[in-house]
Protein chains: 2
Amino acid sequence: MTAHRRAVLALIEEEPGRHWSAEEVAEALRARGVRIGVATVYRALAALEAEGRIASVQWHGRRRYESAAKAHHDHLVCIRCGRVEEFCDPAIEEKQEAAAYARGFRLLGHQLVLFGLCADCQEGDGV
Amino acid sequence: MTAHRRAVLALIEEEPGRHWSAEEVAEALRARGVRIGVATVYRALAALEAEGRIASVQWHGRRRYESAAKAHHDHLVCIRCGRVEEFCDPAIEEKQEAAAYARGFRLLGHQLVLFGLCADCQEGDGV
DNA sequence: CTATCTGCAAACGTTTTGCATAACA
DNA sequence: TGTTATGCAAAACGTTTGCAGATAG
């Protein structure tokens, strides 16, 4: 593993609650004086994900990366302010497995993102 | 509603099991002699979705549209052959609502797609 | 007649790729 | 040394937009 990839991984692991886009990773590293191009960031992210060190989710047309050190979870996104909460419901996971199994599929992964309005954003909303 | 939009809607309603990308809609209509540009297709799809006539899901970086006439359901996609199965588990829906509520969110929507290998594609796979 | 829709082509934002150079092991 | 990673810039990809002309109601 090269210095660049180590830097990308270290950055992502530094803020466990954050969901980084590739562009944000590049900017954050440059702000610390690392000279890195977007292509390298994308390649590093792909490699780290293949190694299972980071995980990715996609929403609003952009892929976001986070450390894979944390336990598996899904996401709840506020469509107004962009706030992201994580949640994990074993019953949902189990039912997904069952749904796949019932149709003869071997389940390999899933994407589950809930969209809504967070408590703060509901306020000014007439709700 | 114009002839073009009617044609887009009719096409999508014609094959209830199919999940159309914008490009596929354009091609299918052109194959039937309808002269239509992609921009018009995208605009028609957006309008039809806003009216609640069609629904969309996104996976593999592409948005796909289907008739909204069917009941709500989620998707199970074979990552090898692209086959799509639909499923609906009321328990999952309920747990999603609960997860959002527990965090103060008002749930407005969700994206749930399961990825795996269908029965046929598991065969040649050493499984 | 006015509002809306259309085609085209250009622009957009994100991601990938080609290639020559640089760093790794 | 040979293999792999990097920077840059260009291309690819799906999607959106500006605009002048066409169509709907």
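Up top is the structure.
What counts as what
- Residues numbered from 1 in each chain as written.
- Chains lettered and ligands numbered in written order.
- Predicted model: local features only at pLDDT ≥ 70, side-chain atom pairs only at ≥ 80, totals over all residues.
- Heavy atoms only, no water.
- Near = heavy atom within 4 Å.
- Polar contact = N/O pair within 3.5 Å; in protein donor to acceptor, adjacent residues only side chain to side chain.
- Helix = DSSP H or I, 4+ residues; strand = E, 2+ residues; numbered from the N terminus.
- Nonpolar A, V, L, I, M, F, W, Y, C, P; charged D, E, K, R; others polar.
- Least-squares fit on C-alpha atoms with pLDDT ≥ 70 in both.
- Contact = heavy atoms within 4.5 Å.
- Pairing = 2+ DSSP bridges.
- Axes fitted to C-alpha atoms, helices over the stretch in contact; angles between N-to-C directions.
- Buried < 20%, exposed > 50% of the residue type's maximum accessible area, 1.4 Å probe, protein only.

Peer 1: I keep staring at the protein's contact with DNA strand D and nothing clicks. Help me out?
Peer 2: The immediate surroundings of DNA strand D are formed by 16 residues, with H4, R35 and T40 of chain A together with Y42 and R62 of chain B found nearest. Taken together, the sugar and phosphate atoms account for 74% of what DNA strand D places within 4 Å of the protein. The contact in question runs from a phosphate oxygen of DNA strand D to an N or O atom on the side chain of T2 of chain A, over 3.0 Å. R43 of chain A is positioned such that a nitrogen or oxygen atom in its side chain is 3.2 Å from a base oxygen of DNA strand D. Only α1 (3–14) and α3 (38–50) of chain A together with α3 (38–50) and β3 (62–67) of chain B provide two or more residues apiece to the surface near DNA strand D. Of the residues contributing to the surface near DNA strand D, the split by class is 5 nonpolar, 5 polar and 6 charged.

Peer 1: Is there a simple way to explain the protein's contact with DNA strand C in this structure?
Peer 2: In the region of DNA strand C, 15 residues are neighbours, and Y42 and R62 of chain A together with H4, R35 and T40 of chain B sit closest. Within 4 Å of the protein, the atoms of DNA strand C are drawn from sugar and phosphate moieties in a proportion of 74%. Within the contact set of DNA strand C, a phosphate oxygen lies 3.3 Å away from a side-chain nitrogen or oxygen of H4 of chain B. R35 of chain B places a polar main-chain atom, nitrogen or oxygen, 2.5 Å from a phosphate oxygen of DNA strand C. Among the elements of the structure, α3 and β3 (62–67) of chain A together with α1 (3–14) and α3 of chain B are those that each provide at least two residues to the surface near DNA strand C.

Peer 1: Just to check I follow, could you spell out the relation of the copies chain A and chain B for this structure?
Peer 2: Two copies of a chain can be linked by a rotation about an axis combined with a shift along that same axis. Between chain A and chain B, the superposition needs a rotation of 179 degrees and an axial shift of 0.0 Å, giving an RMSD of 0.2 Å. Viewed as a symmetry operation, the transformation between the two copies matches a two-fold axis. Taking C-alpha positions as the reference, the residue of chain A nearest the rotation axis is L112 of chain A, at 2.2 Å. Of the interface residues in chain A, 100% have counterparts in chain B that sit at the interface too, so the contact is made through matching surfaces.

Peer 1: What is the right way to read the pairing of strand β6 (residues 106–117) of chain B from this model?
Peer 2: Consecutive side chains along a regular strand alternate between the two faces of the sheet. By the bridge criterion, 11 bridges tie strand β6 (residues 106–117) of chain A to β6 of chain B in an arrangement that is antiparallel. When the bridges of β6 of chain B are listed, H110 of chain A appears paired with L114 of chain B. Pairing between strand β4 (residues 74–78) of chain B and β6 of chain B: 4 bridges, direction parallel. Note on β6 of chain B: the bridge partner recorded for V77 of chain B is F115 of chain B.

Peer 1: Please explain the sheet that holds β3 of chain A as it appears in this structure.
Peer 2: Hydrogen bonds along the backbone pair up the strands of a sheet, which may run parallel or antiparallel. All names here are of chain A. Strand order in the open sheet made by the 3 strands is β1-β3-β2, with antiparallel pairing throughout. Pairing within the sheet leaves two strands with one partner each, and these edge strands are β1 (20–21) and β2 (54–59). Across 6 bridges, β2 lies against β3 in antiparallel orientation. Bridge pairing in β3 places W59 opposite R62. Packed on one face of the sheet, α3 meets β2 and β3 and runs near 115 degrees to β2.

Peer 1: Looking at this structure, I do not really get the pairing of β4 of chain B. What am I missing?
Peer 2: All names here are of chain B. Most of β4 sits out of view: 5 of its 5 residues are buried. Residue alternation in β4 divides its side chains into two sets, D74, L76 and C78 and H75 and V77, and both sets are buried. Alignment of β4 against strand β5 (residues 84–87), held across 4 bridges, turns out to be antiparallel. Across the sheet, the residue bridging to H75 is E86, located in β5. What sits between β4 and β5 in their antiparallel hairpin is a turn of 5 residues, with G82 showing a positive phi close to 85 degrees.

Spatial relationships are all this shows, so hold off on functional conclusions.
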